[in-house]
Amino acid sequence: MNILVLNSGSSSIKYNLWEMNEKKLLCKGLVEKIGMDDSSVTFSVNDKKKTIQKVITDYNEGIELILDIITDKEDGVLKNIKEIDAVGHRIVHGGEKIIQSELVTPEIKKIIDECALLAPLHNPHNLEGIVEIEKVLPGVPNVAVFDTAFHSTMPPESFIYPLPYEFYEKHKIRRYGFHGTSHKYVSLRGAELLKIWHNKFNCITCHFGNGASIAAIKNGISVDTTMGFTPLAGLPMGTRTGNIDPSIILYMIQELGYTPEEVSDIINKKSGFLGISGISSDMREIREAATKGDEKAILTLKIFSHSAKRSITAMTPELDGRLDAIIFTGGIGENSPITREMICQGLSIIGAYLDVDKNNSLRGEGIISKDDSPVKIMLIPTNEELMIALETQKLVGESVYKFNCTDK
Ligand code: ADP
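The text that follows walks through the structure, step by step, so that each part is easy to find. (Residues numbered from 1 in each chain as written. Predicted model: local features only at pLDDT ≥ 70, side-chain atom pairs only at ≥ 80, totals over all residues. Heavy atoms only, no water.)

Attention now moves to the pattern of salt bridges. A full pass over the atoms with the stated rule returns 21 salt bridges. When the shortest N-O distance is used, the salt bridge between Asp-75 and Lys-48 registers 3.4 Å. Highlighted residues: Asp-75 in the loop between α1 (59-70) and β6 (86-91) and Lys-48 in strand β5 (residues 48-53), separated in sequence by 27 residues. (Salt bridge = Lys/Arg side-chain N within 4 Å of Asp/Glu carboxyl O. Helix = DSSP H or I, 4+ residues; strand = E, 2+ residues; numbered from the N terminus.)

Below is the structure:
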């Protein structure tokens, strides 16, 4: 079975094509800067990588180009697009009604559209990806895999904000949580590696990329997470503030004279690592500057690790006294040993002891805590695309790959 996975963003479409019997990635690519003069597509098959500069005016052209590349005589991996059995789509927001991945129907499309109010930068484009692929692959099932769905199991004490209750009831203002597909994947993989049934597995998953979130997972389901009503909440990120005192926003508007649009721009695009360091939103550049003694870069690393530590320790009581593992993933979580080390300093209080040598030397997935650490610390590269392909496979009713930690 071949499954195409699409992640349709504001001006880009990322794709992966998976052969599910062997769980093998056949090819992947990225169409970028759709609608701009310098649009391009970069794709790779095995180790061969190619970039083609080409004006791609809209999503329809982008999708057609992807299908052409997949079936190209020289660079393609399929003879005909009819060999694509199903398409899985990453959808950022599913609101309250969505608690799992869903086969795309008119009703599901309506929900994705309605949730555009909550994720205006993502949902409209996610939906466009579905609409366009339906035109070129009629009859092929589409599956929507939602970032919010994995967190739908959070109890009310985790997701209700202490605002007047009507804001939740009338306006659906609540914590939703994001990065769910990644938190789910690394928790499954963590349980599998530790040989613990996933529905008995308690862990804290740390997804640190340009956006960053931490989730508490009890018996395999999400019970809390740091992101909230939007992906702005929680930890400081590349350009986002994460949690700040909400009165600061009012102060900036009422006393300092900023417009709401200006404040939105500051807290979403000019804050976080970039704002503190004045150097970059990219952790590699911060780390390099910190190594050279740059004080603001060092402060940025300290603020991030302080915030991560605080969230990790604050979540442990929700796990009923047993934490099996802390799992790091995402561009920073996977590639920055110094960040992991700074976060783990002090976590011995919850029984997590980092092995500094393993932390510095491990590439790929595995355990980086000391052998006798009661709480395992793990490094697991995320694979959201594979998770989307697996969810898609499950919903189109084919025989399903099971992680070795699921007993169903
Ligand atoms: P996204 O959230 O956009 O998917 P990624 O998961 O790719 O982002 O993470 C991007 C972040 O990962 C950036 O801050 C980048 O600096 C960081 N990163 C990637 N590689 C490394 C590395 N080798 N060392 C430190 N940080 C890294």
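The next subject is a negative patch on the surface. Together, Asp-58, Glu-61, Glu-64, Asp-68, Asp-72 and Glu-128 make up a region of like negative charge exposed at the surface. Ranked by residues supplied to the negative patch, first place goes to α1 with three residues. Considering the arrangement of structural elements, one finds Glu-64 in helix α1. Judged by relative accessible area, which is 36%, Glu-64 ranks as partly exposed. (Patch = residues over 30% accessible without salt bridge, like charges linked within 9 Å, V, L, I, M, F, W, Y side chains within 5 Å. Areas by Shrake-Rupley, 256 points an atom, 1.4 Å probe, with all protein chains shown as cover. Lys, Arg positive; Asp, Glu negative; His and termini not counted. Charge placed at Lys NZ, Arg CZ, Asp CG, Glu CD. Buried < 20%, exposed > 50% of the residue type's maximum accessible area, 1.4 Å probe, protein only.)

Right, let's get into the environment of Gly-190. Among the structural elements, Gly-190 can be located in helix α6 (residues 180-194). A relative accessible area of 0% means that Gly-190 is categorised as buried. Between the C-alpha atoms of Gly-190 and Ile-367, which are 177 residues apart in sequence, the distance is 9.4 Å. Not counting chain neighbours up to four residues away, the residues in contact with Gly-190 comprise Phe-201, Ile-327, Met-378 and Ile-380. (Contact = heavy atoms within 4.5 Å.)

Once that is clear, we can look at the sheet that holds strand β7 (residues 102-103). Here we have eight strands laid out as an open sheet, ordered β5-β4-β3-β2-β1-β6-β8-β7, and mixed in their pairing. Each of the sheet's edge strands pairs with one partner strand only, and the pair in question is β5 and β7. Sheet topology note: the strand β3 (residues 24-32)/strand β4 (residues 40-45) ladder contains five bridges and is antiparallel. Across the sheet, residue Glu-32 finds its bridge partner in β4, namely Ser-40. (Pairing = 2+ DSSP bridges.)

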